[in-house]
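# Coordinate analysis (summary)
Residues per chain are reported as follows:
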Amino acid sequence: MVHPVLLCGGSGTRLWPVSRQSFPKQFSALMGAESLFQGAVRRVSGPGFAAPVVVTGDPFRFIVSEQLAAVQTAAAGVLIEPEGRNTAPAVVAAALWLAARDPAAVMLVAPSDHVIPEDAAFRAAVRAAVPRALAGDLVTFGITPTRAETGYGYLELAAGADPAAGAPQPLARFVEKPGAAQAAQMIAAGNYLWNAGIFLFTAKALVAAFRAHAPDLLHAVDKAVADAVCDLGFTRLASDPWRALSDISIDYAIMEKARNLAVMPYAGRWSDLGGWEAVWQETGPDAAGNVCSAHATAIDCAGSLLRSDSDGVELVGIGLTDMIAVAMPDAVLVAPRAESQRVKEAVAALKGRAAKQATAFARDHRPWGWFESLAIGERFQVKRIVVTPGGVLSLQSHVHRAEHWIVVQGTARVTIGDQVSLVTENQSVYVPLGTVHRLENPGRLPVVLIEVQTGSYLGEDDIIRHEDIYARP
């Protein structure tokens, strides 16, 4: 049985404005109806695969639960990192968690934001690598390169190894992201594969590798796992030992030092979806080289990606060549495809101006659902709020604002002071300033309401929580 370990704590910015710190790319539907995380869950499920272990950050724990439920999957465990510390601490934390249950457990470690369209072929490659993992080797997956790519690390195969083999091969070394000339030389040599950042090994073999090559890191992570607490079904790793950890990848900490290494070649399609250029390539351009979303129109364009993620925003490109245009309700990106990797510069510039669009969406996700601001002005704000079935807002009050709720879909159970009532479509209630209140969705369909706030201050930090089933402060 293979135990998938999905890493989804990152908050990458290379796909801004769709991917942002508050809702990063792994949870976005970039390549279809499902998110990249949900695609990864499906890819590592089925016969021979156990329920996944997910390693994520505190802000994303309820997004993970919601997206797992949407694909009808229950995680074996969800480990919450107190802070992001790169892949080495995350992977060994999962290994220690699994080893406590089964030291011989075979772990498949994979990022949750990659695109691997051929699920069956990938699962077959994993099965082919299992015997080497059971023998105690640390197996990494290498992708057959299709171009002299400078954005990926490489794996050099040992002399005599077959880069097209259907079984793990001996590995000579890891190679950092090369320059253009070096990348071309490696492709010409024919004995290099792209480093996919996907690994297969037993929990005890990985723990032994950390004991040999990174004992201090292992000790601190072991303490964080041993002192972890269960919180609403999540495993919250202890913060004090975790925050003392170095920020280090598993490649640097272990893989470049270990000797019991092997590489499993994989010739199927793969992308880490590291930028808009990759999205354009993987989505499949049409005859003119264009990729257009449902709310985008290309007129006399070539080689361009036009994307609008809002049914209220129609994006039209005229006479564009090799361009990227991405429209969100609160932000728009326009850039030549060749410059798409500079999106990080845009995010940094927006952060420098304290623009909220740098990190946060107009749509704000919560454990109970989501909300978005429709209009805001002096002393008022209008929001649309969606509460999922079973969702419960905290019992709360506000110091600076009053609220008026109008239910437009579903039936809500509303508490205002000591009064509890059911409020259905086309009904409304008023919440006076300072009054303790709560809204719940007791039904099987989402509750949608319009909230009108009035007051001297309308920030999200004007909330006093008296009770919360999600244990938020």
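The rules behind these values
- Residues numbered from 1 in each chain as written.
- Predicted model: local features only at pLDDT ≥ 70, side-chain atom pairs only at ≥ 80, totals over all residues.
- Heavy atoms only, no water.
- UniProt positions renumbered as here; feature names shortened; annotations may be inferred.
- Helix = DSSP H or I, 4+ residues; strand = E, 2+ residues; numbered from the N terminus.
- Contact = heavy atoms within 4.5 Å.
- Salt bridge = Lys/Arg side-chain N within 4 Å of Asp/Glu carboxyl O.
- Buried < 20%, exposed > 50% of the residue type's maximum accessible area, 1.4 Å probe, protein only.

Named according to an unreviewed UniProt entry, the protein is mannose-1-phosphate guanylyltransferase originating from Phaeovulum veldkampii DSM 11550. As recorded by UniProt, the Sequence similarities (unreviewed entry) comment attached to the protein reads in full: "Belongs to the mannose-6-phosphate isomerase type 2 family." Looking at the protein in UniProt, the text filed under Catalytic activity (unreviewed entry) is "alpha-D-mannose 1-phosphate + GTP + H(+) = GDP-alpha-D-mannose + diphosphate".

Under the UniProt annotation, "domain: Nucleotidyl transferase" (unreviewed entry) lies at residues 4-282. The span residues 4-282 carries 35% helix and 22% strand; its end-to-end C-alpha distance comes to 24 Å.

This part takes up the environment of L393. Here L393 shows up in the loop between β20 (380-387) and β21 (395-397). The sequence separation of L393 and V452 amounts to 59 residues, and the corresponding C-alpha distance is 16 Å. Those residues within four positions of L393 in sequence are excluded, and the remaining contacts are W368, V387, R438 and L439.

In total, this model carries 27 salt bridges according to the counting rule given. As a salt-bridge pair, R366 and E460 come within 3.9 Å of each other at their nearest N and O atoms. With a gap of 94 residues between them, R366 in strand β18 (residues 363-366) and E460 in the loop between β27 (447-455) and β28 (464-467) connect regions that are remote in the sequence. By relative accessible area, R366 is classed as partly exposed at 22%. Owing to a relative accessible area of 31%, E460 belongs among the partly exposed residues under this scheme. One network of salt bridges, in which partners are shared, links D58, R61, D231 and R236.

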